[in-house]
Amino acid sequence: MGAVRIDCLLPLPASDLSDDAISALYDRADRSVPWLRVNFVSSADGAAAVDGVSGGLGTDADHRIFDLLRELCDVVIVGAGTVRSEGYGAMVLPPASAARRVARGLPAHPVFAIVSNSLTLDPASPIFTEAPVRPIVVTTEAAPHDRRTALAAVADVLIAGQQQLDPSILVAALAERGLTQQHCEGGPSLFGSLLAAGAVDELCLTVSPQLVAGDAKRIAAGALASPRDLALSQVLVSGDTLLLRYELRR
Ligand SMILES: NC(=O)c1ccc[n+]([C@@H]2O[C@H](COP(=O)([O-])OP(=O)(O)OC[C@H]3O[C@@H](n4cnc5c(N)ncnc54)[C@H](OP(=O)(O)O)[C@@H]3O)[C@@H](O)[C@H]2O)c1
(Lines give C-alpha, C1' and ligand atoms only; values in the text may rest on other atoms or scores of the structure.)
Protein backbone atom coordinates (compact mmCIF):
# COMPACT_ATOMS: atom_id res chain seq x y z
CA MET A 1 0.00 0.00 0.00
CA GLY A 2 2.95 2.35 0.70
CA ALA A 3 4.24 2.41 -2.88
CA VAL A 4 2.93 5.84 -3.80
CA ARG A 5 4.70 8.70 -2.03
CA ILE A 6 2.61 10.98 0.20
CA ASP A 7 3.98 14.09 1.98
CA CYS A 8 2.39 16.19 4.72
CA LEU A 9 2.10 20.01 4.46
CA LEU A 10 -0.16 20.57 7.50
CA PRO A 11 -0.14 20.21 10.52
CA LEU A 12 3.64 19.71 10.37
CA PRO A 13 5.59 19.20 7.15
CA ALA A 14 6.73 15.61 6.73
CA SER A 15 7.89 13.68 3.70
CA ASP A 16 7.13 10.29 2.23
CA LEU A 17 4.78 9.15 4.98
CA SER A 18 4.57 5.50 5.96
CA ASP A 19 1.19 3.81 6.33
CA ASP A 20 1.61 3.95 10.12
CA ALA A 21 2.38 7.68 9.99
CA ILE A 22 -0.70 8.35 7.83
CA SER A 23 -2.90 6.24 10.10
CA ALA A 24 -1.60 8.14 13.13
CA LEU A 25 -2.60 11.42 11.49
CA TYR A 26 -6.18 10.22 10.89
CA ASP A 27 -6.67 8.09 14.01
CA ARG A 28 -8.93 9.51 16.72
CA ALA A 29 -7.44 9.59 20.21
CA ASP A 30 -10.65 8.74 22.06
CA ARG A 31 -12.68 6.08 20.24
CA SER A 32 -15.47 6.32 22.81
CA VAL A 33 -16.48 9.69 21.34
CA PRO A 34 -18.76 9.15 18.32
CA TRP A 35 -17.30 10.64 15.14
CA LEU A 36 -18.65 10.64 11.61
CA ARG A 37 -16.03 11.06 8.90
CA VAL A 38 -17.03 11.35 5.26
CA ASN A 39 -14.60 10.63 2.43
CA PHE A 40 -14.93 11.81 -1.16
CA VAL A 41 -12.85 12.41 -4.26
CA SER A 42 -13.64 15.33 -6.52
CA SER A 43 -12.17 16.74 -9.70
CA ALA A 44 -10.66 20.23 -9.46
CA ASP A 45 -13.89 21.57 -10.98
CA GLY A 46 -16.09 19.76 -8.48
CA ALA A 47 -17.24 16.61 -10.27
CA ALA A 48 -17.89 13.62 -8.03
CA ALA A 49 -18.03 11.12 -10.88
CA VAL A 50 -16.93 10.52 -14.44
CA ASP A 51 -19.34 8.48 -16.55
CA GLY A 52 -21.35 7.70 -13.44
CA VAL A 53 -18.54 6.31 -11.28
CA SER A 54 -15.85 7.86 -9.11
CA GLY A 55 -13.13 5.51 -10.36
CA GLY A 56 -12.01 7.90 -13.10
CA LEU A 57 -11.12 10.48 -10.45
CA GLY A 58 -9.18 8.37 -7.99
CA THR A 59 -5.39 8.56 -8.11
CA ASP A 60 -3.02 6.09 -6.43
CA ALA A 61 -2.75 8.44 -3.46
CA ASP A 62 -6.54 8.63 -3.16
CA HIS A 63 -6.74 4.83 -3.22
CA ARG A 64 -4.06 4.61 -0.54
CA ILE A 65 -5.92 6.98 1.79
CA PHE A 66 -9.28 5.33 0.96
CA ASP A 67 -7.90 1.96 2.11
CA LEU A 68 -6.16 3.36 5.20
CA LEU A 69 -9.33 5.14 6.36
CA ARG A 70 -11.25 1.87 6.24
CA GLU A 71 -8.65 0.43 8.60
CA LEU A 72 -9.47 2.96 11.30
CA CYS A 73 -13.25 2.79 11.49
CA ASP A 74 -15.84 0.60 13.18
CA VAL A 75 -18.41 0.94 10.41
CA VAL A 76 -18.38 1.92 6.73
CA ILE A 77 -21.65 3.65 5.80
CA VAL A 78 -22.63 3.84 2.11
CA GLY A 79 -25.79 4.95 0.34
CA ALA A 80 -27.52 2.31 -1.76
CA GLY A 81 -27.10 4.43 -4.90
CA THR A 82 -23.33 4.25 -4.55
CA VAL A 83 -23.45 0.57 -3.66
CA ARG A 84 -25.36 -0.08 -6.89
CA SER A 85 -23.48 2.27 -9.23
CA GLU A 86 -20.00 1.45 -7.94
CA GLY A 87 -20.71 -2.28 -7.75
CA TYR A 88 -19.74 -2.70 -4.11
CA GLY A 89 -18.98 -6.23 -2.94
CA ALA A 90 -18.56 -7.50 0.59
CA MET A 91 -16.68 -5.28 3.05
CA VAL A 92 -13.55 -7.44 3.11
CA LEU A 93 -10.26 -5.69 3.81
CA PRO A 94 -7.02 -6.99 2.32
CA PRO A 95 -5.12 -9.34 4.66
CA ALA A 96 -2.45 -6.75 5.56
CA SER A 97 -5.13 -4.17 6.44
CA ALA A 98 -7.08 -6.73 8.47
CA ALA A 99 -3.87 -7.68 10.31
CA ARG A 100 -3.16 -4.04 11.16
CA ARG A 101 -6.70 -3.65 12.50
CA VAL A 102 -6.31 -6.71 14.70
CA ALA A 103 -2.95 -5.38 15.96
CA ARG A 104 -4.84 -2.21 16.98
CA GLY A 105 -7.35 -4.29 18.90
CA LEU A 106 -10.11 -3.91 16.29
CA PRO A 107 -12.09 -6.65 14.54
CA ALA A 108 -10.40 -7.69 11.28
CA HIS A 109 -13.10 -6.02 9.17
CA PRO A 110 -15.41 -3.06 9.78
CA VAL A 111 -19.18 -3.46 9.66
CA PHE A 112 -20.80 -2.49 6.35
CA ALA A 113 -23.91 -0.33 6.78
CA ILE A 114 -25.98 0.33 3.64
CA VAL A 115 -28.59 3.08 3.65
CA SER A 116 -31.67 2.54 1.48
CA ASN A 117 -35.28 3.67 1.34
CA SER A 118 -36.48 1.31 -1.36
CA LEU A 119 -34.44 -1.70 -0.20
CA THR A 120 -33.53 -2.40 -3.83
CA LEU A 121 -30.70 -4.63 -2.68
CA ASP A 122 -30.26 -8.27 -3.63
CA PRO A 123 -30.01 -10.55 -0.57
CA ALA A 124 -28.07 -13.02 -2.78
CA SER A 125 -25.41 -10.37 -3.54
CA PRO A 126 -21.82 -11.06 -2.38
CA ILE A 127 -22.28 -7.96 -0.21
CA PHE A 128 -24.25 -10.27 2.08
CA THR A 129 -23.22 -13.80 1.13
CA GLU A 130 -19.47 -13.10 1.38
CA ALA A 131 -19.59 -10.68 4.29
CA PRO A 132 -17.10 -11.49 7.05
CA VAL A 133 -19.29 -9.49 9.43
CA ARG A 134 -23.09 -9.38 9.23
CA PRO A 135 -23.92 -6.13 7.41
CA ILE A 136 -26.48 -3.59 8.55
CA VAL A 137 -29.20 -2.29 6.23
CA VAL A 138 -30.52 1.07 7.41
CA THR A 139 -34.02 1.97 6.28
CA THR A 140 -37.39 3.34 7.34
CA GLU A 141 -40.57 1.86 8.73
CA ALA A 142 -42.18 2.62 5.37
CA ALA A 143 -39.79 0.40 3.38
CA PRO A 144 -41.37 -2.49 1.40
CA HIS A 145 -42.12 -5.23 3.90
CA ASP A 146 -41.27 -8.20 1.69
CA ARG A 147 -37.82 -6.79 0.86
CA ARG A 148 -37.23 -6.00 4.50
CA THR A 149 -38.04 -9.59 5.47
CA ALA A 150 -35.74 -10.96 2.74
CA LEU A 151 -32.85 -8.72 3.78
CA ALA A 152 -33.37 -9.50 7.47
CA ALA A 153 -32.23 -13.03 6.68
CA VAL A 154 -28.77 -11.81 5.64
CA ALA A 155 -28.33 -8.51 7.50
CA ASP A 156 -29.41 -6.61 10.58
CA VAL A 157 -32.17 -4.23 9.51
CA LEU A 158 -31.98 -0.96 11.40
CA ILE A 159 -35.05 1.27 11.29
CA ALA A 160 -34.07 4.95 11.42
CA GLY A 161 -37.28 6.85 10.78
CA GLN A 162 -40.90 6.40 9.81
CA GLN A 163 -41.48 7.72 6.26
CA GLN A 164 -38.11 9.43 5.86
CA LEU A 165 -34.77 8.31 7.16
CA ASP A 166 -33.53 10.42 10.05
CA PRO A 167 -29.71 10.59 9.87
CA SER A 168 -29.50 11.51 13.55
CA ILE A 169 -31.20 8.24 14.47
CA LEU A 170 -28.85 6.38 12.12
CA VAL A 171 -25.73 7.83 13.71
CA ALA A 172 -26.99 7.37 17.28
CA ALA A 173 -28.15 3.79 16.66
CA LEU A 174 -24.78 2.79 15.22
CA ALA A 175 -22.98 4.40 18.17
CA GLU A 176 -25.27 2.52 20.57
CA ARG A 177 -24.02 -0.70 18.99
CA GLY A 178 -20.46 0.36 19.84
CA LEU A 179 -19.81 1.54 16.27
CA THR A 180 -18.59 4.98 17.29
CA GLN A 181 -15.96 5.53 14.60
CA GLN A 182 -18.18 5.96 11.58
CA HIS A 183 -16.82 6.29 8.09
CA CYS A 184 -19.08 7.28 5.19
CA GLU A 185 -17.95 6.69 1.60
CA GLY A 186 -20.88 8.59 0.09
CA GLY A 187 -22.62 9.14 -2.07
CA PRO A 188 -23.83 12.70 -2.61
CA SER A 189 -27.47 12.13 -1.60
CA LEU A 190 -26.52 10.46 1.64
CA PHE A 191 -23.85 13.08 2.37
CA GLY A 192 -26.37 15.85 1.71
CA SER A 193 -28.89 14.41 4.14
CA LEU A 194 -26.23 13.77 6.80
CA LEU A 195 -25.08 17.38 6.39
CA ALA A 196 -28.61 18.74 6.62
CA ALA A 197 -29.08 16.82 9.86
CA GLY A 198 -25.87 18.25 11.30
CA ALA A 199 -24.52 14.72 11.69
CA VAL A 200 -21.14 15.10 9.96
CA ASP A 201 -17.97 15.80 11.95
CA GLU A 202 -15.29 15.60 9.28
CA LEU A 203 -14.80 15.66 5.53
CA CYS A 204 -11.81 14.04 3.88
CA LEU A 205 -11.63 15.35 0.35
CA THR A 206 -9.23 14.27 -2.34
CA VAL A 207 -8.87 16.90 -5.05
CA SER A 208 -8.04 14.98 -8.17
CA PRO A 209 -5.90 16.82 -10.74
CA GLN A 210 -8.57 16.73 -13.43
CA LEU A 211 -11.14 18.99 -15.05
CA VAL A 212 -14.29 17.14 -16.00
CA ALA A 213 -16.90 19.80 -16.93
CA GLY A 214 -20.32 18.41 -17.95
CA ASP A 215 -23.14 17.88 -15.48
CA ALA A 216 -21.59 15.38 -13.07
CA LYS A 217 -22.90 15.38 -9.50
CA ARG A 218 -21.03 17.28 -6.81
CA ILE A 219 -20.06 15.52 -3.60
CA ALA A 220 -23.16 16.76 -1.74
CA ALA A 221 -26.72 16.80 -3.08
CA GLY A 222 -29.99 18.15 -1.70
CA ALA A 223 -30.68 21.34 0.18
CA LEU A 224 -29.02 22.95 3.18
CA ALA A 225 -30.72 25.68 5.21
CA SER A 226 -27.42 27.59 5.09
CA PRO A 227 -23.83 26.83 4.05
CA ARG A 228 -21.71 24.95 6.58
CA ASP A 229 -18.30 26.34 7.47
CA LEU A 230 -15.23 24.13 7.46
CA ALA A 231 -11.96 24.26 9.39
CA LEU A 232 -9.00 22.95 7.41
CA SER A 233 -7.10 20.56 9.68
CA GLN A 234 -4.75 18.65 7.39
CA VAL A 235 -3.17 18.88 3.95
CA LEU A 236 -1.36 15.96 2.39
CA VAL A 237 0.05 16.09 -1.12
CA SER A 238 1.10 13.35 -3.47
CA GLY A 239 2.33 14.54 -6.85
CA ASP A 240 -0.59 16.55 -8.27
CA THR A 241 -3.15 15.15 -5.84
CA LEU A 242 -4.28 17.10 -2.77
CA LEU A 243 -5.67 15.17 0.20
CA LEU A 244 -7.57 17.61 2.38
CA ARG A 245 -9.15 17.13 5.74
CA TYR A 246 -11.77 19.47 7.16
CA GLU A 247 -13.74 19.53 10.37
CA LEU A 248 -17.28 20.89 10.30
CA ARG A 249 -17.47 24.01 12.44
CA ARG A 250 -20.20 23.76 15.09
N1 LIG B 1 -16.53 11.02 -5.81
C2 LIG B 1 -16.78 10.21 -4.80
O3 LIG B 1 -15.97 10.09 -3.88
C4 LIG B 1 -18.06 9.44 -4.78
C5 LIG B 1 -18.41 8.70 -3.65
C6 LIG B 1 -19.60 8.00 -3.67
C7 LIG B 1 -20.42 8.05 -4.77
N8 LIG B 1 -20.06 8.78 -5.85
C9 LIG B 1 -20.90 8.84 -7.05
O10 LIG B 1 -22.18 9.33 -6.69
C11 LIG B 1 -23.15 8.77 -7.58
C12 LIG B 1 -24.29 8.20 -6.77
O13 LIG B 1 -24.94 9.29 -6.17
P14 LIG B 1 -26.17 9.10 -5.21
O15 LIG B 1 -26.52 10.41 -4.64
O16 LIG B 1 -27.23 8.30 -5.89
O17 LIG B 1 -25.53 8.16 -4.09
P18 LIG B 1 -26.03 7.69 -2.67
O19 LIG B 1 -26.25 8.81 -1.74
O20 LIG B 1 -25.05 6.64 -2.27
O21 LIG B 1 -27.35 6.91 -2.98
C22 LIG B 1 -28.63 7.46 -2.99
C23 LIG B 1 -29.53 6.32 -2.55
O24 LIG B 1 -29.09 5.86 -1.27
C25 LIG B 1 -30.17 5.73 -0.40
N26 LIG B 1 -30.11 6.88 0.48
C27 LIG B 1 -29.15 7.82 0.51
N28 LIG B 1 -29.42 8.73 1.46
C29 LIG B 1 -30.56 8.35 1.99
C30 LIG B 1 -31.37 8.89 3.00
N31 LIG B 1 -31.07 10.00 3.66
N32 LIG B 1 -32.49 8.25 3.30
C33 LIG B 1 -32.79 7.11 2.66
N34 LIG B 1 -32.10 6.53 1.69
C35 LIG B 1 -30.99 7.18 1.36
C36 LIG B 1 -31.39 5.72 -1.31
O37 LIG B 1 -31.42 4.39 -1.77
P38 LIG B 1 -32.70 3.65 -2.40
O39 LIG B 1 -32.80 4.17 -3.80
O40 LIG B 1 -32.31 2.20 -2.34
O41 LIG B 1 -33.87 4.00 -1.57
C42 LIG B 1 -30.98 6.70 -2.39
O43 LIG B 1 -31.68 6.53 -3.59
C44 LIG B 1 -22.43 7.73 -8.41
O45 LIG B 1 -22.13 8.29 -9.65
C46 LIG B 1 -21.16 7.48 -7.63
O47 LIG B 1 -20.12 7.09 -8.46
C48 LIG B 1 -18.90 9.49 -5.88
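Figured I'd write up the structure that's included with this text.

Conventions adopted
Residues numbered from 1 in each chain as written. Predicted model: local features only at pLDDT ≥ 70, side-chain atom pairs only at ≥ 80, totals over all residues. Heavy atoms only, no water. Phe/Tyr/Trp six-rings, centres within 6.5 Å; stacked < 30°, edge-to-face > 60°. Helix = DSSP H or I, 4+ residues; strand = E, 2+ residues; numbered from the N terminus. Lys NZ or Arg CZ within 6 Å of the ring centre and 35° of its normal. Expected span 1.5 Å × (residues − 1). Buried < 20%, exposed > 50% of the residue type's maximum accessible area, 1.4 Å probe, protein only. Salt bridge = Lys/Arg side-chain N within 4 Å of Asp/Glu carboxyl O. Pairing = 2+ DSSP bridges. Axes fitted to C-alpha atoms, helices over the stretch in contact; angles between N-to-C directions. Contact = heavy atoms within 4.5 Å.

### Description of the packing of aromatic side chains
This structure, assessed with the given rule, holds two aromatic pairs. Ring geometry for Phe-40 versus Phe-191: centroids 5.2 Å apart, planes at 40°, classification tilted. Taken together, the positions of Phe-40 in strand β2 (residues 35-43) and Phe-191 in helix α8 (residues 188-196) put the pair 151 residues apart, joining distant regions of the chain. Directly above the aromatic system of Trp-35 lies the positively charged group of Arg-28, at a separation of 3.5 Å from the ring centroid.

### Here we look at helix α2 (residues 60-72)
Here α2 spans 19 Å end to end across 13 residues, near enough to the 18 Å set by a 1.5 Å rise per residue. Those residues of α2 that sit buried are Ala-61, Asp-62, Arg-64, Ile-65, Leu-68, Leu-69, Arg-70, Glu-71 and Leu-72.

### Here's the deal with the pattern of salt bridges
If you walk through the whole model with that rule in mind, you get 14 salt bridges. The residue Arg-177 makes a salt bridge to Asp-156 at a minimum N-O spacing of 3.1 Å. Of this pair, Arg-177 sits in the loop between α7 (167-176) and β7 (181-184) while Asp-156 sits in strand β6 (residues 156-159), and the two are 21 residues apart along the sequence. Look at Arg-177 and you get partly exposed, because its relative accessible area is 41%. Salt bridges sharing partners connect three or more residues here, namely Asp-19, Arg-64, Glu-71, Arg-100 and Arg-104.

### Details of the sheet that holds strand β3 (residues 75-79)
Backbone-to-backbone hydrogen bonds join strands into a sheet, with any given pair of strands oriented parallel or antiparallel. With respect to topology, 10 strands assemble into an open sheet ordered β1-β9-β10-β8-β2-β7-β3-β4-β5-β6, the strand pairing being mixed. Lying at the two open borders of the sheet, with one neighbouring strand each, are β1 (7-10) and β6. Along the sheet, successive strands turn relative to each other by an average axial angle of 25°, direction set aside. Relative to the sheet, α2 contacts β2, β3, β7, β8 (202-208), β9 (230-238) and β10 (241-248), its axis offset from that of β2 by approximately 170°.

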